[in-house]
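If you want the building blocks of each chain, they are given just below.
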Amino acid sequence: MEELSDLKDLQPEDVNRLVKYVKDSIPGLIDFGIKIIIALVLFFIGTRLIKLVQKLICKAMERHGSEVGAIQFVGSFVKAGLYFLLIFILAGYLGADTASIVALVGSAGLAIGLAVQGSLANFAGGVLILLLRPFKVGDYIIEGTYEGTVDKIELFYTRLLTVDNRMVIIPNGILSNNSLTNVTAQEKRQIDIRVGIAYDSDLKKAKDLLQKIMDQDDCVLKEEDTKVFVDSLADSCVQLGLRCWVTTNDYWPTRWRMTETIKLTFDENHIEIPFNQLDVNIKENAVVNKAK
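The model shown is predicted, which means the values in this text are computed figures rather than measured ones.

The rules we used
- Residues numbered from 1 in each chain as written.
- Predicted model: local features only at pLDDT ≥ 70, side-chain atom pairs only at ≥ 80, totals over all residues.
- Heavy atoms only, no water.
- Helix = DSSP H or I, 4+ residues; strand = E, 2+ residues; numbered from the N terminus.
- Buried < 20%, exposed > 50% of the residue type's maximum accessible area, 1.4 Å probe, protein only.
- Areas by Shrake-Rupley, 256 points an atom, 1.4 Å probe, with all protein chains shown as cover.
- 1 Å grid on protein atoms, 1.4 Å probe; cavity = no way out; pocket = protein on both sides within 12 Å on 5 of 7 lines; lining within 4 Å.
- Points joined across faces, edges and corners; volume = space filled by probe spheres on them.
- Nonpolar A, V, L, I, M, F, W, Y, C, P; charged D, E, K, R; others polar.
- Salt bridge = Lys/Arg side-chain N within 4 Å of Asp/Glu carboxyl O.
- UniProt positions renumbered as here; feature names shortened; annotations may be inferred.
- Pairing = 2+ DSSP bridges.
- Core = buried A, V, L, I, M, F, W, Y, C linked by side-chain atoms within 4.5 Å.
- Contact = heavy atoms within 4.5 Å.
- Axes fitted to C-alpha atoms, helices over the stretch in contact; angles between N-to-C directions.

> Where do I start with the overall build of the protein chain in this structure?
The helix and strand tally for the protein chain stands at 9 helices and 8 strands. Across the 292 residues in the protein chain, those meeting the buried criterion constitute 26%. If you sum the accessible surface of the protein chain, you get close to 20200 Å²; carbon and sulfur atoms cover 60% of it.

The structure is reproduced here in structure tokens:
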């Protein structure tokens with residue numbers, strides 16, 4: 001009731017001013033609405049163009065033989081940069097002061113930079129990984145307690161897939177600042193196996209059997225040297241060693257197969273592989289003297 005009484009109290013000139021204000025505002029509102037619609041259309045078209053540009057850049061890098069990790073990193077960087085440029089252009093189209101936007105972005109960038117120093121370190125780490133190339137997509141790396149095959153190198157993180165298909169996300173800053181092992185960086189790897197035989201076993205025969213195992217294995221690189229040697233004279237065994245070279249992809253299957261073959265071959269040829277045990281020898285004469 002109070003609102004109705006307030007409306008009745010309005011003077012004709014107040015109503016006229018209100019109607020005139022609404023009429024004067026309608027063209028501006030329509031113009032702004034049209035700009036919003038055009039901006040949305042431009043944003044939709046811009047996103048399509050960004051995807052197209054990103055795809056063209058990645059294809060060009062592939063044709064020039066760039067690594068997959070570098071392609072992924074550059075693609076992510078280009079996408080982020082183009083989206084920022086698109087939003088900047090649309091803001092200027094809608095009437096925002098571009099100089100103010102630049103100043104605001106600079107201030108916000110400084111504040112955000114101080115707040116997310118870790119993320120900036122990860123970004124810098126990603127750049128270093130691309131420049132120094134300690135590993136690439138498809139390599140098997142070990143970093144501390146983490147290990148797996150490199151699946152993707154992104155702006156801030158690197159994704160690893162473990163042997164049991166778990167995904168591990170490691171910040172690029174850690175990978176660029178810490179020591180890591182790239183297991184698959186080289187085309188070939190050396191297999192080094194140690195096996196102990198009993199002191200009363202035939203040493204020469206055992207060495208010949210180890211050499212024969214390496215000679216008959218198809219995955220052993222025949223152009224590389226193979227070695228069978230006595231590594232040490234331990235407390236309960238003679239420690240033998242063998243070394244041979246295989247391709248990196250054949251390393252683990254060959255190592256597992258050769259270890260099993262060594263055990264079966266030694267068993268067939270009565271070469272004893274001792275285990276830790278304690279032998280107690282009692283001298284009969286000493287026992288008799290103590291009894292007297």
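Here the narrative resumes, following the displayed structure.
> Would you mind showing me how to read the layout of surface pockets here?
To find leftover empty space, a probe the size of one water molecule is rolled over the atoms. Taken as a whole, the second largest pocket spans an internal volume of roughly 270 Å³. What lines the second largest pocket is a set of 16 residues, and nearest its centre among them are Y140, V183, T184, R189 and W252. Those elements that provide at least two residues to the lining of the second largest pocket are β1 (140-143), β2 (146-153) and α8 (251-268). Looking at side-chain class alone, the lining of the second largest pocket contains 8 nonpolar, 6 polar and 2 charged residues.

> Mind showing me how you'd approach the pattern of salt bridges here?
Oppositely charged side chains are able to pair whenever their charged atoms sit close together. Scanning the entire structure with this criterion turns up 11 salt bridges. R194 is the partner of D231 in a salt bridge, and the nearest nitrogen-oxygen pair spans 3.5 Å. Of this pair, D231 sits in strand β7 (residues 227-233) while R194 sits in strand β6 (residues 188-197), and the two are 37 residues apart along the sequence. The class of R194 is partly exposed, set by a relative accessible area of 32%. Connected through shared salt-bridge partners, D192, R194, D231 and R243 make up one network.

> I would appreciate a short explanation of unusual backbone geometry in the present structure.
Glycine aside, residues mostly have negative phi, and peptide bonds are mostly found in the trans state. Phi is positive for N165, close to 70 degrees, though the residue is something other than glycine. Relative to the elements of secondary structure, N165 occurs in the loop between β3 (157-161) and β4 (167-171). The exposure class of N165 is exposed, given its relative accessible area of 60%. With a phi angle near 60 degrees, H270 is a residue other than glycine that sits in the positive phi range. Tracing the chain through its elements places H270 in the loop between α8 and α9 (284-291).

> Which parts of the structure should I look at to understand the UniProt feature "transmembrane region" (unreviewed entry) in the protein chain?
UniProt records the feature "transmembrane region" (unreviewed entry) for residues 32-50, 71-95 and 101-132 in the present numbering. With 100% helix and 0% strand, residues 32-50 has end C-alpha atoms that lie 26 Å from one another.

> Looking at this structure, how should I read the sheet that holds β3?
The strands making up a sheet are joined through hydrogen bonds of the backbone, oriented either antiparallel or parallel. Taking strand neighbours across the sheet as the criterion, the 5 strands line up as β4-β3-β2-β1-β5 in an open arrangement whose pairing is antiparallel. Sheet topology places β4 and β5 (181-182) at the edges, where each strand pairs with a single neighbour. In the sheet, β1 pairs with β5 via 2 bridges, with the strands oriented antiparallel. Of the residues in β5, the one forming a bridge with I142 is T181.

> Is there a simple way to think about the nonpolar core in this case?
Proteins that are soluble and globular tend to have nonpolar side chains buried together. Counting 21 residues, the largest nonpolar core has L210, L242, M258, I262 and F266 as its most contacted members. Of all the secondary-structure elements, those providing two or more residues to this core are β6, α7 (203-216), β8 (238-247) and α8. Leaving out residues up to four positions away in the same chain, L210 has contacts with V195, V228, L240, L242, I262 and F266.

> What exactly am I supposed to notice about the sheet that holds β8 here?
Pairing is antiparallel in the open sheet, where 3 strands are placed in the order β6-β8-β7. Edge strands, defined here as strands with exactly one partner in the open sheet, are β6 and β7. Each strand axis lies, on average, 25 degrees off the axis of its neighbour in the sheet, ignoring direction. Pairing analysis gives 10 bridges linking β6 to β8, with the strands arranged antiparallel. Bridging from a neighbouring strand, R194 pairs with G241 of β8. Running over the sheet, α7 touches β6, β7 and β8 and is turned about 10 degrees from β8. Of the strands in this sheet, β6 and β8 touch α8, which is tilted by about 20 degrees from β6.

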